[in-house]
Amino acid sequence: MEYESEAENISRTLMYHVDRPVYNEGCIETELLHRKQKKTQTIKQKLSQSLRCSSKKLQSAVYSFLPILTWLPSYPVKKYLLGDIISGLSTGVMQLPQGLAYAMLAAVPPVYGLYSSFYPVLLYTFFGTSRHVSIGTFAVISLMIGGIVVREVPDSMFDITTVNGTNNTDNQLARDAMRVKVAVAVTFLTGIIQFCLGLLRFGFVAIYLTEPLVRGFTTAAAVHVVVSQLKYLFGIETKRYSGPLSVIYSFIAVVSKITTTNTAAITVALICILFLVGVKEINKRFKKKLPVPIPGEIIVVIISTGVSYGMKLHENYRVDVVGEIPVGLLPPVVPDFSIFAAVITDSFAIAIVSFSMAASMSKIFALKHGYTVNGNQELIALGLCNFSGSFFQTFAVTCSMSRSLVQESTGGKTQIAGLLASIVVLLVIVAFGFVFETLPQTVLAAIIMVNLIGMFKQFRDIPLLWRTSRIELAIWFVAFVASVLLGLDYGLLVAVAFAIISVIYRTQSPKYTILGQIPKTDLYCDTEEYEEVMELSGIKIFQANSPLYFANSELYVNALKKKTGVDPVALLAVKKKGQKKQEKAKNQTKTTNKKINSVVKLTNGQEMGVKHELMDGETHTDLVRNGQFVTANGDGEADCEQSLSFLDRLTGVHSIILDFTPVTFIDSVGAKALKSIMKEYDEIGVTVIVGACSRVVMEDLSKLDFFDGSITRDLVFPSVHDAVLYCQYKGSVDPLE
């Protein structure tokens, strides 16, 4: 409020006065501006300069590739270490259950979720530029991987049950091994794609995943996740589906077997859900009073594991549990290259989505804490995390929103917190993994569902976007519906395509306005929006809020004719017809003394009346409507001599100014359309000039050979007001005060 009042006071007291000639671009480029002489370099010189190595250049490259070297040597131990320790322990404790749970989404054994919570987190500490994000497993990416894994290795490939209903361990192990190979192959390709995009400086690709698109997509992913976890929640056996309509098939499968619900499993799940929701609410309400958030997830895991072990839930109540968790780290294994061809497209989608999520969270924290993140280096860091991790059988990772918020809110200052979190996971892998073998899978399903509450809150975007931007609402809705029905992979492609189409639609459907002057100022606004704005006599100022290029050039021309009420094609048609009638009348002058007075009346819009009054009292009225010549009396011909007063001037408008303030670029089609406009209006005595044209657009016009003998830079002005003053002078109108 103080800033607003200060700005208001300044706007009332500060004044500026400018006394200068009216400039056009021709004058500016010859008198005011002189281009700097740029030293041109050959390709050989450019390559030599870019490839030249120096100590400073080498140091910069090393620091860029290993961002940890920029802050670790000056790490303030007393100031940051305690916060990083608390944050690292809190985040590590949170990673354990989430790693186990998200492995279920990826359709691989739970221990691989722990591997994915260790290796990538460790690597990101050295290569990442964000100080607060928590890298590791995430529901959306895990679900996308799970869909690919189930598609490539469906349950039908292996008979995992015998005649008496007991598990066929050998077939189940074979199925799990195949699924791990697919997940690892996807992770390997994802890492390669991200690393290459980072080296090629393609960090900007995330901008094509707009916030409404990402939020609609992640909301749809939350729906997929919930449906996929229902069978674990209810303790029932169903087939896992993938591809289009998989969420519907999965839901129908669960509903069809709802009568076989395991009472013990659903009871445990509901108790865990209620406890976790309560803990999250307490953490939210007492955030400022609690030194660290209550680790509800690890509490649930520990207690439920103990209860499951003591009550033998698996043996006595047939509650599915995590099962064997191997102790220790696996040796590195080369991914199966034979799988690559089948999953390359899916890997590209995962690479872009995972980077987009990590980049958005990184930017939020960087803005809050006053440092910068490098999008290209983030791509390289994620690529290395996934590529290197794939050799140790991890699945693709990204930034976890919930863990990142915990890492930041508990006092984390640097990625030392992430390093400590990975050490916590490592201790479990090498020493305590067996403890969680009796953990019920229904508990992991409960943890996943509670963590998705935040994503379902994104439905609140709908009323907000309805009020602010219907186009962004359409993007959100298309991303959600397409991802729910078609699956996350195809849904993402549809959503991106729709977002790009929406951009094209905006450029093809801009707001076209006629501007008028705010009295006694050099400011111009929409005449239809403000009462004080006045149109200038004989001058039309036309503005289109878009660039001028091949997709909208024809629409631009049509809107110009409609808004100004001056259609040169229609007027020229009247003029040519009048000239023909005049020639015919001259030939008939010898035999008749009839005389016609012809007057053109330009009405508001695309209609003109040409009225011919004959001396004998007979009247004919010709109309030009939307560029088509229509004769009111039906015969379309004048039978007498006429003199045409409209030959010199066909309209009261003598100048049209095209406000190029919103025009960011122009292509060859747009330049041709602009040149055609100027020439057509010139034929009817109307001067068309351009105002407020940026230097970039001027360079585009120069490269497109827009300026020739008939159209010069003198018809382009640096501001709308310069153009208005020129038109007033040219039209013999009193200049502005």
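Residues numbered from 1 in each chain as written. Predicted model: local features only at pLDDT ≥ 70, side-chain atom pairs only at ≥ 80, totals over all residues. Heavy atoms only, no water.

## Details of the nonpolar core
For soluble globular proteins, the rule of thumb is that nonpolar side chains tend to be buried together. Formed by 118 residues in total, the largest nonpolar core has its most connected members in M144 and I145. Of all the elements, helix α16 (residues 340–369) adds the most residues to this core, at 14 residues. In this structure, M144 is in contact with F217, A349, I350, V353 and L488, ignoring residues within four places of it in sequence. One finds L515, V566, A692 and F717 within the second-largest nonpolar core, a separate group that totals 50 residues. (Core = buried A, V, L, I, M, F, W, Y, C linked by side-chain atoms within 4.5 Å. Buried < 20%, exposed > 50% of the residue type's maximum accessible area, 1.4 Å probe, protein only. Helix = DSSP H or I, 4+ residues; strand = E, 2+ residues; numbered from the N terminus. Contact = heavy atoms within 4.5 Å.)

## Here we look at the pairing of strand β11 (residues 655–659)
Along β11, five of the five residues are buried, which leaves the element largely enclosed by surrounding structure. Both faces of β11 are covered, namely the face carrying S655, I657 and D659 and the face carrying I656 and L658. Across five bridges, the pairing between strand β5 (residues 539–544) and β11 is parallel. By the bridge assignment for β11, Q543 is matched with D659. One ladder, built from five bridges, connects β11 with strand β12 (residues 687–691); its direction is parallel. Note that in β12 the partner of I656 across the bridge is V688. Handedness of the β-α-β unit built from β11, helix α27 (residues 668–683) and β12 comes out right-handed. (Pairing = 2+ DSSP bridges. Right-handed = clockwise from strand over helix to strand, strands pointing away.)

## Points about the packing of helix α22 (residues 461–468) against helix α23 (residues 470–486)
Relative orientation and spacing of two packed helices are given, respectively, by the angle between their axes and the distance between those axes. Axis separation between α22 and α23 bottoms out at 6 Å; the angle between their running directions is 150°. Touching D461, I462, L465, W466 and T468 of α22 are R470, E472, L473 and W476, all from α23. Considered class by class, the residues forming the contact of α22 with α23 number five nonpolar, one polar and three charged. (Axes fitted to C-alpha atoms, helices over the stretch in contact; angles between N-to-C directions. Nonpolar A, V, L, I, M, F, W, Y, C, P; charged D, E, K, R; others polar.)

## Comments concerning the pattern of salt bridges
Evaluation of the coordinates by the stated rule reveals 16 salt bridges. When the shortest N-O distance is used, the salt bridge between D722 and R20 registers 2.7 Å. Pair noted here: D722 is in helix α29 (residues 720–730) and R20 is in the loop between α1 (2–13) and α2 (25–32), with a separation of 702 residues, a long-range link. Its relative accessible area of 3% is what places D722 among the buried residues. (Salt bridge = Lys/Arg side-chain N within 4 Å of Asp/Glu carboxyl O.)

## Overview of the side chain of N262
Mapped onto the elements of the fold, N262 is located in the loop between α12 (246–256) and α13 (263–285). The class of N262 is buried, set by a relative accessible area of 13%. In contact with N262, other than residues within four places in its own chain, are F234, G235, Y317, R318 and V319.

## Observations concerning the packing of helix α6 (residues 77–105) against helix α14 (residues 296–311)
Closest axis-to-axis distance for the α6/α14 pair is 8 Å, and the angle between their directions is 55°. When the interaxial angle is binned, α6 and α14 end up oblique. Classified by chirality, the crossing of α14 by α6 is left-handed. Contacts from V93, M94, L96, P97 and Q98 of α6 reach α14 at E297, I298 and V301. (Parallel < 35°, antiparallel > 145°, perpendicular 65-115°, else oblique. Left-handed = near helix turned anticlockwise from the far one by under 90°.)

## Comments concerning helix α24 (residues 488–508)
With 21 residues, α24 should cover 30 Å at 1.5 Å per step; its first-to-last C-alpha distance of 30 Å lies within 8% of that length. What α24 keeps buried is the set L488, D489, G491, L492, A495, A499, S502 and T507. Buried residues in α24 make contact with α9 (139–152), α11 (211–234), α16 and α23. (Expected span 1.5 Å × (residues − 1).)

## A short note on unusual backbone geometry
Backbone geometry at R201 places phi at a positive 60°, although glycine is not the residue there. As for its placement among the helices and strands, R201 is situated in the loop between α10 (169–199) and α11. Within the chain, L245 stands out as a residue other than glycine whose phi angle is a positive 65°. Its place among the elements puts L245 in the loop between α11 and α12.

## Describing the environment of G538
Relative to the assigned elements, G538 resides in the loop between β4 (524–526) and β5. We classify G538 as buried; its relative accessible area is 15%. Residues G538 and S655, spaced 117 residues apart in sequence, show a C-alpha to C-alpha distance of 6.5 Å. Those residues in contact with G538 that lie beyond four places of it in its chain are G652, V653, H654 and S655.

Read these as spatial facts, not as claims about activity.
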